[in-house]
Amino acid sequence: MKYKPDIQFARDLNKDNEMLAYKEKFYQDDDRIYLVGNSLGLLSKSAEKEIMRALDEWREHGVEGWTKGEPAWFWYGEKLGDMTAPLIGAEPEETIVTGSTTLNIHQLLASFYQPEGRRKKILVDELNFPSDIYAVKSQLAQHGNESELVVVESRDGRTLEEEDIIAAFNDEIAIALLPTVLYQSGQLLDVKKLTEAAHEHGILIGFDLAHSVGILPHDLSGAGVDFALWCNYKYLNAGPGAVGGLYVNKKHFDRKPGLAGWWGHDKETQFEMSHEFTPAEDAGAMQISTLPILSSAPLFSSLDMINEIGIEKVREESLNRTSYLAYLMAEKLDTETVNYSIVTPEDDSRRGGHIAVKFEREAYRISKALKEAGVIVDFREPDTIRFAPSPLYISFEDLYNAVEILADIINQERFEEVTKERGSVT
Ligand SMILES: Cc1ncc(COP(=O)(O)O)c(C=O)c1O
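Residues numbered from 1 in each chain as written. Predicted model: local features only at pLDDT ≥ 70, side-chain atom pairs only at ≥ 80, totals over all residues. Heavy atoms only, no water.

An unreviewed UniProt entry lists the protein chain under the name Kynureninase, with Halonatronomonas betaini as the source organism. According to its UniProt record, the protein chain has this under Function (unreviewed entry): "Catalyzes the cleavage of L-kynurenine (L-Kyn) and L-3-hydroxykynurenine (L-3OHKyn) into anthranilic acid (AA) and 3-hydroxyanthranilic acid (3-OHAA), respectively." Per UniProt, the protein chain carries the Cofactor (unreviewed entry) text "pyridoxal 5'-phosphate". (UniProt positions renumbered as here; feature names shortened; annotations may be inferred.)

Next up, the structure:
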């Protein structure tokens, strides 16, 4: 698609854009351009309604909400899992909404990591999110296998080469845990290729979908992925600290949960209160505790919305926005003042939902100046600013205006007016 660098072109792009009907469904401040959909998605009016519905049910039914809620709270995890399945290319019984990203990593590793003979290692990459690495290290430690961590290195400190990951696969590796989209650079990995190669070496492979769920389609079952997990508070707009989700390939339904809890019990007999644990016969077995109903309710609206649009359409709209954003930066930013480069791969097939920009200097102050001017982005150490335009509520004109503000900050060196002092959340 050919773009033009003027506001009229942005307005023309907006004119026929069906997604703008969804923008109205979110709470937005007219003075703010919210580009952190990959961190915490915005509140929609329908998500708010779902929370209010759950509150009303609590007020009205008390404990009976577990059966009298509509839908019954008791089955929320399963129902939300069914609604998530089309987004990740899974069957409904392979998908369950439960726990949180890190907790689900613990559960899945506790269930899938069974070191045996030479096969004791867990493979990760050096660019993965810290919490994933902490979880892997602590799971290795549970088995006295602290030294069995294999870390695939990045060549450029920003992206990974699938061939480097595959070259590190061998018969000493029990499990590979990788991101679908790298949280910093926004690179999208080739899940199918990695899964096939892992299986050729007898390795079980799991993916963290935190930065891809709700913004691009997946084909987890088609690719034969063994397990996956994610959060629902980024592109799925389910709210701060909302409940997470996980996927278990049905070929592993006979696997016992490593961390058993009553919510993973076969639900038909859960309330018989037996001390013998009878796990659910599907991914539901991986649930541990009572589902947090108030933080799960908003997800109904987000999943309804994305299923109505279609995840393929969301992806198309997302790619249009990130490529337009990259184009505008190339057109409008003065590289003399602050040298910058986009570290997210340009190729659509290797790009997730955000653009990460590396600045040779002053990245932090630029991010702060952007926020002060109403363009909400996030800064990641040491030199990167991430721009994540959710197509559900960010228009082409928003992107045009955001880049105009960024250009003003950079080209006029306005970041010099901002203090260097750091906040605790950047
Ligand atoms: C890739 C990735 N993994 C793990 C986490 C941690 O998530 P949680 O706090 O939900 O466990 C995050 C949080 O942003 C993340 O982006």
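Undergrad: Please clarify how the packing of aromatic side chains should be interpreted in this entry.
TA: The way to describe two aromatic rings as a pair is by their centre distance and the angle between their planes. Scanning the entire structure with this criterion turns up 18 aromatic pairs. Seen from their ring centres, Phe129 and Tyr183 are 5.0 Å apart, and the 75° between their planes marks the pair as edge-to-face. Here Phe129, found in the loop between β3 (121-125) and α7 (130-142), pairs with Tyr183, found in the loop between β5 (173-179) and α9 (191-200); they are 54 residues apart in sequence, far enough to count as distant. Phe129 gets classed as partly exposed once you look at its relative accessible area, which sits at 37%. Residue classification places Tyr183 among the buried residues on the basis of a relative accessible area of 14%. Among the aromatic side chains, those forming a connected cluster through ring pairs are Trp66, Trp73, Phe74, Trp75, Trp262, Trp263 and Phe271. The ring of Tyr22 is capped by Lys25, whose NZ or CZ atom sits 5.5 Å from the centre of that ring. When the ring centre of Phe396 is taken as origin, the NZ or CZ atom of Arg321, which lies over that ring, is 4.6 Å away. (Phe/Tyr/Trp six-rings, centres within 6.5 Å; stacked < 30°, edge-to-face > 60°. Helix = DSSP H or I, 4+ residues; strand = E, 2+ residues; numbered from the N terminus. Buried < 20%, exposed > 50% of the residue type's maximum accessible area, 1.4 Å probe, protein only. Lys NZ or Arg CZ within 6 Å of the ring centre and 35° of its normal.)

Undergrad: How should the nonpolar core be read in this particular structure?
TA: The nonpolar side chains of a soluble globular protein tend to be buried, and buried together. In this structure, Tyr324, Ile366 and Phe387 are the most contacted members of the largest nonpolar core, which totals 106 residues. With 9 residues, helix α14 (residues 396-411) is the largest single contributor of residues to this core. Residues lining this core come from more than one domain, with at least three contributed by each of domain 1 (7-45 + 310-417) and domain 2 (71-308). Excluding residues that lie within four positions of it along the chain, Phe387 makes contacts with Leu35, Leu325, Met329, His354, Ile355, Val357, Leu370, Val377 and Leu406. Membership of the second largest hydrophobic core comes to 22 residues, among which are Phe112, Ile133, Leu204 and Met286. (Core = buried A, V, L, I, M, F, W, Y, C linked by side-chain atoms within 4.5 Å. Domains from an automatic or database assignment. Contact = heavy atoms within 4.5 Å.)

Undergrad: So what exactly am I meant to see when it comes to the UniProt feature "modified residue: N6-(pyridoxal phosphate)lysine" (unreviewed entry) in the protein chain here?
TA: Mapped onto this structure's residue numbering, the UniProt feature "modified residue: N6-(pyridoxal phosphate)lysine" (unreviewed entry) falls at Lys234. As for its placement among the helices and strands, Lys234 is situated in the loop between β7 (227-231) and β8 (244-248). Residue Lys234 is classed as buried on the basis of its relative accessible area of 10%. Filtering out sequence-adjacent residues up to four positions away, Lys234 remains in contact with Gly37, Asn38, Ser39, Leu40, Gly41, Ala210 and His211. Within the structure, Lys234 has its side chain in polar contact with the backbone oxygen of Asn38 (distance 3.2 Å). (Polar contact = N/O pair within 3.5 Å; in protein donor to acceptor, adjacent residues only side chain to side chain.)

Undergrad: Would you take a moment to explain unusual backbone geometry for this structure?
TA: A negative phi angle characterises most non-glycine residues, just as the trans form characterises most peptide bonds. In this structure, Pro71 follows Glu70 across a cis peptide bond, with omega equal to 0°. As for its placement among the helices and strands, Pro71 is situated in the loop between α4 (65-68) and α5 (76-88). Cis rather than trans, the peptide bond between Glu381 and Pro382 has omega equal to -5°. Here Pro382 shows up in the loop between β12 (378-380) and β13 (384-387). Of note, Met273 is a non-glycine position whose phi angle comes to about 60°, a positive value.

Undergrad: What is the right way to look at the sheet that holds strand β9 (residues 340-342) in this model?
TA: Read across the sheet, 4 strands follow the order β9-β10-β13-β12 without closing on themselves; strand pairing throughout is antiparallel. Edge strands, defined here as strands with exactly one partner in the open sheet, are β9 and β12. With direction set aside, neighbouring strand axes in the sheet form an average angle of 30°. Bridge count for β12 against β13 is 3 bridges, and the pairing is antiparallel. When the sheet's bridge partners are listed, Arg380 is paired in β13 with Thr384. (Pairing = 2+ DSSP bridges. Axes fitted to C-alpha atoms, helices over the stretch in contact; angles between N-to-C directions.)

Undergrad: Can you help me understand the environment of Ile306 in this one?
TA: Counting through the fold element by element, Ile306 comes out in helix α11 (residues 293-309). In the structure, Ile306 is positioned 39 residues away from Pro345 in sequence and 25 Å away in space, judged by C-alpha atoms.

Undergrad: What is the right way to read the environment of Ser39 from this model?
TA: By secondary structure assignment, the location of Ser39 is in the loop between β1 (33-34) and α3 (45-61). Along the sequence, Ser39 and Arg386 sit 347 residues apart, while their C-alpha atoms lie 9.8 Å from each other. Once you skip the residues sitting within four places of it in the chain, Ser39 turns out to touch Tyr233, Lys234 and Asp378.

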